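Observations on the three-dimensional arrangement
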Amino acid sequence: MELKDFIGKFVSQFEEEDPAIFEADLDFHELDSWSSLTSLSVVAMVYQEYGVELDTQDVRNADTIEDLFDIVMKTIIPDVSIRSIASWLPSNKISLSSFAEQYGEKETRDVIRTTGVEWVYRTDANQKSSDLCFNAAEYLISKDNIDRESIDGLVVLTVTRDWALPDTSVYLQHKLGLKNETVCLDINYGCTGYIYGLMQAAMWIHSGLCQNVLVLGGDMLKNCLDPKAVGSIDASDIGTASLISKGTTGMAFHLCSDGARYDRIMMPHGGYICQDGMGVFSFSIVNGPKSIRTVMDLMKWEDSDVDIYALHQSSQLIIKNVRMALKSSQEKFPVNMKDFGNSSSSTIPNLLCDLYGLNKANRPRHAVFCSYGAGLTCGSVALDLSKTHFYEPLNKQ
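Description of the structure in this document. Position numbers for residues start from 1 in each chain and track the written sequence from start to end. Only residues with pLDDT of 70 or above have their local features reported here, since the model is predicted, and side-chain atom pairs are shown and tallied only from 80 upward, although totals for entire chains, interfaces and linings are computed over all residues. Computation of side-chain values covers all heavy atoms of the structure but excludes hydrogens and water.

1. Notes on the sheet that holds strand β6 (residues 183-187)
In this description, strands pair whenever DSSP reports at least two bridges between them. Secondary structure elements are taken from DSSP: a helix is a run of H or I of four residues or more, a strand is a run of E of two residues or more, and numbering for both begins at the N terminus. With mixed pairing, 6 strands are arranged side by side in an open sheet as β6-β5-β7-β8-β2-β15. Single-partner strands in this sheet number two, and they are β6 and β15 (389-390). Judged from the 5 bridges that link them, strand β5 (residues 153-157) and strand β7 (residues 212-218) form a sheet pairing that is parallel. Pairing of V155 across the sheet is with V215, part of β7. Contacts are assigned to residue pairs that have any heavy atoms within 4.5 Å of one another. Note on definitions: angles span 0 to 180 degrees between N-to-C directions of axes, and those axes are lines fitted to C-alpha atoms, for helices only across the stretch in contact. Packing against the sheet, helix α13 (residues 347-356) makes contact with β2 (80-88), β8 (239-246) and β15, and its axis sits at approximately 80° to β2.

2. Overview of the pattern of salt bridges
One side-chain nitrogen of Lys or Arg within 4 Å of one carboxyl oxygen of Asp or Glu is enough to make a salt bridge. Per the counting criterion, the structure on display carries 13 salt bridges. The shortest N-O distance in the salt bridge between R264 and D276 comes to 3.6 Å. Here the residue R264 occupies a position in the loop between β9 (251-257) and β10 (265-266), and D276 occupies one in the loop between β11 (274-275) and α10 (277-299), the gap between them amounting to 12 residues. Between R365 and D384 there is a salt bridge; the shortest N-O distance is 3.3 Å. With R365 in the loop between α13 and β13 (366-373) and D384 in strand β14 (residues 377-384), this residue pair connects regions lying 19 residues apart in the sequence.

3. Some details on the nonpolar core
Soluble globular proteins tend to bury their nonpolar side chains together. Here the nonpolar core consists of buried residues drawn from Ala, Val, Leu, Ile, Met, Phe, Trp, Tyr and Cys, with membership extended through side-chain atoms lying within 4.5 Å. Each residue is placed in one exposure class: buried if its accessible area under a 1.4 Å probe, protein chains only, is under 20% of its type's maximum, exposed if it is over 50%, and partly exposed if it falls in between. Membership of the largest hydrophobic core comes to 64 residues, with the highest contact counts inside it found for I82, L352 and F369. It is helix α9 (residues 193-207) that contributes the most residues to this core, 10 residues altogether.

4. Points about the packing of aromatic side chains
Geometry of aromatic contacts follows a simple scheme: Phe, Tyr and Trp rings, the Trp one being its six-membered ring, pair when their centres are within 6.5 Å, and the pair is stacked under 30 degrees between planes, edge-to-face over 60, tilted otherwise. A complete count under the given rule lists 15 aromatic pairs for this structure. Relative to Y171, the ring of W163 has its centre 5.1 Å away and its plane inclined at 90°; by these criteria the two rings are edge-to-face. Given the relative accessible area of 35%, W163 is considered partly exposed. Aromatic side chains Y356 and F390 sit 5.5 Å apart centroid to centroid with 45° between the ring planes, which places their arrangement in the tilted category. Taken as a pair, Y356 in helix α13 and F390 in strand β15 lie far apart in primary sequence, 34 residues in all. Accessibility classification places Y356 together with F390 in one group, the buried group. Through a chain of ring-to-ring contacts, the aromatic side chains of F6, F10, F14, F22, F28, W34 and F69 assemble into a single cluster. Positioned above the aromatic ring of W119 is the side chain of K93, whose terminal nitrogen or guanidinium carbon lies 5.4 Å from the ring centre. Over the ring of F134 we find K175, and its NZ or CZ is 4.5 Å from the ring centre. The criterion is that NZ of a Lys, or CZ of an Arg, lies within 6 Å of the ring centre and within 35 degrees of the ring normal, and then a charge sits over that ring.

5. What to know about the packing of helix α1 (residues 3-11) against helix α2 (residues 36-50)
In the contact formed by α1 and α2, the axes pass within 10 Å of each other and the chain directions differ by 135°. Considering the angle they form, α1 stands oblique to α2. The way α1 lies across α2 gives a crossing that is right-handed. Taken together, the residues of α2 that come into contact with α1 (itself represented by D5, F6, K9 and F10) are V42, M45, V46, E49 and Y50. Counted by class, the contact of α1 with α2 contains 6 nonpolar, no polar and 3 charged residues. The cut-offs work like this: below 35 degrees is roughly parallel, past 145 is roughly antiparallel, 65 to 115 is roughly perpendicular, and the gaps in between are oblique. For a crossing to be left-handed, the near helix must be turned anticlockwise from the far one by less than a right angle; the clockwise case is right-handed. The residue classification treats Ala, Val, Leu, Ile, Met, Phe, Trp, Tyr, Cys and Pro as nonpolar and Asp, Glu, Lys and Arg as charged. All others, Gly included, are polar.

6. Digging into the environment of D219
Structurally, D219 is set in the loop between β7 and β8. It is 29 Å that separates the C-alpha atoms of D219 and I76, two residues lying 143 residues apart in sequence. In contact with D219, not counting residues within four places along its chain, are S129, L132, L157, T158, V159, T160, S236, D237, I238, S344 and S345. Nitrogen and oxygen atoms within 3.5 Å of one another constitute a polar contact, given that in protein one can donate a hydrogen and the other can accept it, and given that sequence-neighbouring residues count only through two side-chain atoms. At 2.9 Å, the side chain of D219 and the side chain of T158 are in polar contact.

And the structure:
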């Protein structure tokens, strides 16, 4: 959800006003056409479009359109949960040290030391992002005994779609044997994609559009890496599948964007990934703790209430700094990028499968996920995992 899109939907509630006056900093309460009826119309629009329940007090508390947008961007969506998660790995596990001949020993060693990544998984030459997603979905459907007819929503998280058109999700709807009425959507948010995907699925379910939404992650970045730049050799190709369904608990979300730093992580059409490592680092260690605190406040949780903070597995230094900012203990911030690399939107679900796929006795209850990446964007979700099924990463080496 972007501020520009929100403003466009907000404008549609005003028939008598000039659309040109609607800017982010507009105090909409001062409009001649503003009334209690318009307020109710805005509340209805937010629920219909985003699945978020506002009340008139929320609208009164917002001074500007952007204030209202911020309220929508941090909300609790009730009665929804993650039913199950699975992870699928390709057969090629590669040591980052093997890249030293191409990029130089010192440069490769610096990446390993900074990120904590020592191994990555890479697909075969003929495999695509849809293959990662398909294999993860089939693994989850089989292990969790999911009725394909019960799935009515499909979200695919990828920046390496098989084609510009159509959406990979539509292709996978057919390949997975899902019914034609399945709602399909691709989300292109890179590393933050898993949080956006969970929020999209939760909104569909809360609005009544869907009952069970499959969220698939699968980026295949090996063909997008600059052969002359060492910075992204930690990229890993991993597919994950999460089934989101109606539940008895809720999810608290917070999302934020900083488009002024859009060029800190970029992949131009037909080009290679380029990123400003220091810029991403500073954004993440500042916005990560803020986002986490926001969802914890929504849930009224203290650090003692949280069993695990599952953060995007891109850099051990980012995770360490976020943990220190929150003044929490190291054991609540697990890392596994050493053996799996940075798999974009798949790192958090893969981490959970790696931790709890076989360790059924010590599964967490209260969890906070946080991710950060292209945009630049950052997002968090606080949720209950006590009834979630986790399946060990398939083909783990």
